[in-house]
Amino acid sequence: MVEPTSTNGSTSPRAERKKLIEVNHLVKYFPVRAGLMQRVKAWVKAVDDVSFFINEGETFGLVGESGCGKTTVGRTILRLIPHTSGEVLFNGHNVFDLGSGDLKKMRRDMQIIFQDPYSSLDPRLPIGESISEGLRVHTDKSGQERYDIVAEMLTRVGMRADHARRYPHEFSGGQRQRIGIARALALQPKFIVCDEPVSALDVSIQAQVLSILRDLQRDFGLTYLFIAHNLSVVEHFSERVGVMYLGKMVEMSPRDMLYADPLHPYTQALMSAIPVPDPTVKRQRILLEGDVPSPLNPPSGCRFHTRCPLAFDLCRQEEPPFKDYGGGHYAACHWLETGQRGDSKLTPANIAEKKGQQVARQVIH
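Just so it is clear, the structure is predicted and the values come from calculations on it, not from any experiment.

**Focus on the confidence of the model for the protein**
So, step 1. Here the protein averages 87 in pLDDT, while 88% of its residues score no lower than 70.
So, step 2. Contacts of residues 4–15 to residues separated by more than four positions or lying in other chains number 20 contacts, the stretch itself having pLDDT below 50.
So, step 3. Contacts from residues 356–365, a stretch scored under 50 in pLDDT, to residues over four places away or in other chains number two contacts.

What follows is the structure, encoded as structure tokens:
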């Protein structure tokens, strides 16, 4: 990965760990076609110059509002959809340069758990057939060997071996997600993209599935890209966290550092929405005005400036650099860049103060 600039020259201890995944300047645009000839009229900038890395055996959480590009990042890394530019290194090899033979070999080491387990399973196949499909494609194991692996994987995720003969509609949502996990594990991969694996489940079932994922990571040495929008789940499950907004990475940090001291105003607003499990404590919500701009025509400069109470002229003109502000805590914000870190915390009081200053400047001009 091309390392962002550091403000203090410090090196995080995690930098010494082996990097399994390195994403460098990843870009993915989707064409918008119109007319009889279906010519390209515009581009949806779903992912625009995103860089990060994931250490071996680590869980990297990727969060943000719906439509910010989280899932597109995960699917582009796996080459489920083609990239526009940039590179993804897996064990030092560029995934996008692999030919069909090498790509097939790589598929064994990179798998995905989909958000909707029901739509990702063939309703006409017993689940045992779905789980063993990767084994048929990528290995020369016999039918009995495949059955034994399927039985072991089902047992690993808390189900019975005889469930392999049943069909997807016979299971609950939580059970189907366990089946999706078993299918991803069948080839014993090194890296798994978890695309919101618990967002459609009840809270009690979420805890069970997360516990299974944690145990499997410990037993098999798995590396996860954990995509979610529930910040409480990410805090519980991830070691490092990246925050995306409108196709851009705006903040990235070790988990404890991010939750204790979020730097970017957007991250602060997200954190204020986390429920506090204490009815006597009332959290001050930071309510952002306006809607998320369209990725068809993103704002110039900082993409968050249209909703940021701290935005000033430079925010509208130049894109802020993605810099390390100490201990591997990266952020892209002009307020931080100009040394205003202590004044970058959003509260209802200073939001009102900033609005008053903006109104005063408008009156003067």
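This is not the end of the story, as more comes after the structure.
**A closer look at the layout of surface pockets**
So, step 1. Its volume calculated, the largest pocket comes out at about 520 Å³.
So, step 2. Those elements giving two or more residues to the lining of the largest pocket turn out to be strand S6 (110–113), helix H3 (127–138) and helix H5 (173–185).
So, step 3. At six residues, the largest contribution of residues to the lining of the largest pocket is made by H3.
So, step 4. A breakdown of the residues in the lining of the largest pocket according to their chemical character gives twelve nonpolar, seven polar and three charged.

**Some words on the pattern of salt bridges**
So, step 1. In the structure shown here, the tally under the stated rule is 13 salt bridges.
So, step 2. In this structure, Arg-160 and Asp-162 form a salt bridge, with 3.0 Å as the shortest nitrogen-oxygen distance.
So, step 3. Judged by its relative accessible area of 28%, Asp-162 is partly exposed.
So, step 4. In this structure, Arg-255 and Asp-256 form a salt bridge, with 3.1 Å as the shortest nitrogen-oxygen distance.
So, step 5. Taken together, the salt bridges that share partners define one network made up of Arg-156, Asp-215, Arg-218 and Asp-219.

**Thoughts on the state of the cysteines**
So, step 1. Taken as a whole, this structure holds zero disulfides when the rule is applied.
So, step 2. Looking at the unpaired Cys-308, the closest cysteine sulfur is the one in Cys-333, lying at 6.3 Å.

**Topic: the pairing of strand S7 (residues 191–195)**
So, step 1. Along S7, five of the five residues are buried, which leaves the element largely enclosed by surrounding structure.
So, step 2. With burial as the criterion, each face of S7 is covered, one bearing Phe-191, Val-193 and Asp-195 and the other bearing Ile-192 and Cys-194.
So, step 3. Judged from the four bridges that link them, S6 and S7 form a sheet pairing that is parallel. When the bridges of S7 are listed, Met-110 appears paired with Phe-191.
So, step 4. Between the parallel pair S7 and strand S8 (residues 223–227), the chain is carried across by helix H6 (residues 203–220), and the sense of this crossover is right-handed.

**What to know about unusual backbone geometry**
So, step 1. Positive phi outside glycine occurs at Asp-49, with the angle close to 65°.
So, step 2. Owing to a relative accessible area of 35%, Asp-49 belongs among the partly exposed residues under this scheme.
So, step 3. The phi torsion at Asn-91 lies on the positive side, around 55°, for a residue other than glycine.
So, step 4. Following the sequence through the fold, Asn-91 ends up in the loop between strand S4 (85–90) and strand S5 (93–94).
So, step 5. By relative accessible area, which is 24% here, Asn-91 ends up partly exposed.

**Digging into a negative patch on the surface**
So, step 1. Together, Asp-140, Glu-145, Asp-148 and Glu-152 make up a negatively charged patch on the protein surface.
So, step 2. Checked against the element boundaries, Asp-140 lands in the loop between H3 and helix H4 (143–156).

**A look at the sheet that holds strand S11 (residues 323–324)**
So, step 1. Pairing is mixed in the open sheet, where eight strands are placed in the order S6-S7-S8-S3-S9-S10-S12-S11. For this open sheet the edge positions go to S6 and S11, each flanked by a neighbour on one side alone.
So, step 2. Across the sheet, H6 touches strand S3 (59–63), S6 and S8, and the angle it forms with S8 is around 155°.

**Things to note about the packing of H5 against H6**
So, step 1. Between H5 and H6, the shortest axis-to-axis distance is 10 Å and the interhelical angle comes to 15°. On the basis of the axis angle, H5 is roughly parallel to H6. Between H5 and H6 lies a crossing of right-handed hand. Together, Gly-174, Gln-177, Arg-178, Ile-181 and Leu-185 of H5 and Ile-205, Gln-208, Val-209, Ile-212, Leu-213 and Leu-216 of H6 make up the contact between the two elements.
So, step 2. Taken together, the residues of the contact of H5 with H6 sort by class into seven nonpolar, three polar and one charged.

The rules we used
For every chain, the first residue of its written sequence is number 1, and the numbers climb from 1 along that sequence. Whole-chain, interface and lining totals are the exception, using all residues; otherwise, since this is a predicted model, local features are given only for residues with pLDDT of at least 70 and side-chain atom pairs are given and counted only at 80 or more. As a convention, hydrogens and water are excluded, and side-chain values are obtained from all of the structure's heavy atoms. One number per residue, pLDDT, summarises how confident the predictor is, and it ranges from 0 to 100. Here, two residues are considered to be in contact whenever any of their heavy atoms come within 4.5 Å of each other. Both cavities and pockets are sets of points on a 1 Å grid over the protein atoms alone; in a cavity a 1.4 Å probe fits but cannot get out, in a pocket the set is open with protein on both sides within 12 Å along at least five of seven lines, and lining residues sit with an atom within 4 Å of a point. Grid points are joined across faces, edges and corners, and a volume is the space filled by probe spheres set on the points. Going along the chain from the N terminus, every DSSP run of H or I of four or more residues is numbered as a helix, and every run of E of two or more is numbered as a strand. All amino acids are sorted into three groups, where Ala, Val, Leu, Ile, Met, Phe, Trp, Tyr, Cys and Pro are nonpolar, Asp, Glu, Lys and Arg are charged, and the leftover types, Gly among them, are polar. Salt-bridge detection follows one rule: a side-chain nitrogen of Lys or Arg within 4 Å of a carboxyl oxygen of Asp or Glu. Burial status follows relative accessibility: with a 1.4 Å probe on protein chains alone, a residue under 20% of its type maximum counts as buried, one over 50% as exposed, and anything between as partly exposed. In what follows, a disulfide is any cysteine sulfur pair within 2.5 Å. Pairing between two strands is assigned when DSSP locates at least 2 bridges connecting them. Clockwise travel from the first strand over the helix to the second, with the strands pointing away from the viewer, marks a crossover as right-handed. Patch building starts from residues that exceed 30% relative accessible area and form no salt bridge, then joins like charges within 9 Å and nonpolar side chains (Val, Leu, Ile, Met, Phe, Trp, Tyr) within 5 Å. The protein chains shown are the only cover counted for residues, whose accessible areas, like all others here, come from Shrake-Rupley with a 1.4 Å probe. Positive residues here are Lys and Arg, negative ones are Asp and Glu, while His and the chain termini are left out of the count. Here the site of a charge means NZ on Lys, CZ on Arg, CG on Asp, or CD on Glu. To get an axis, a line is fitted to the C-alpha atoms, and for a helix only the part in contact is used. The angle between two axes follows their N-to-C directions and goes from 0 to 180 degrees. Each angle receives one of four descriptions, namely roughly parallel if under 35 degrees, roughly antiparallel if over 145, roughly perpendicular if within 65 to 115, and oblique otherwise. The hand of a helix crossing depends on one turn: near helix anticlockwise from the far one by less than a right angle means left-handed, and clockwise means right-handed.

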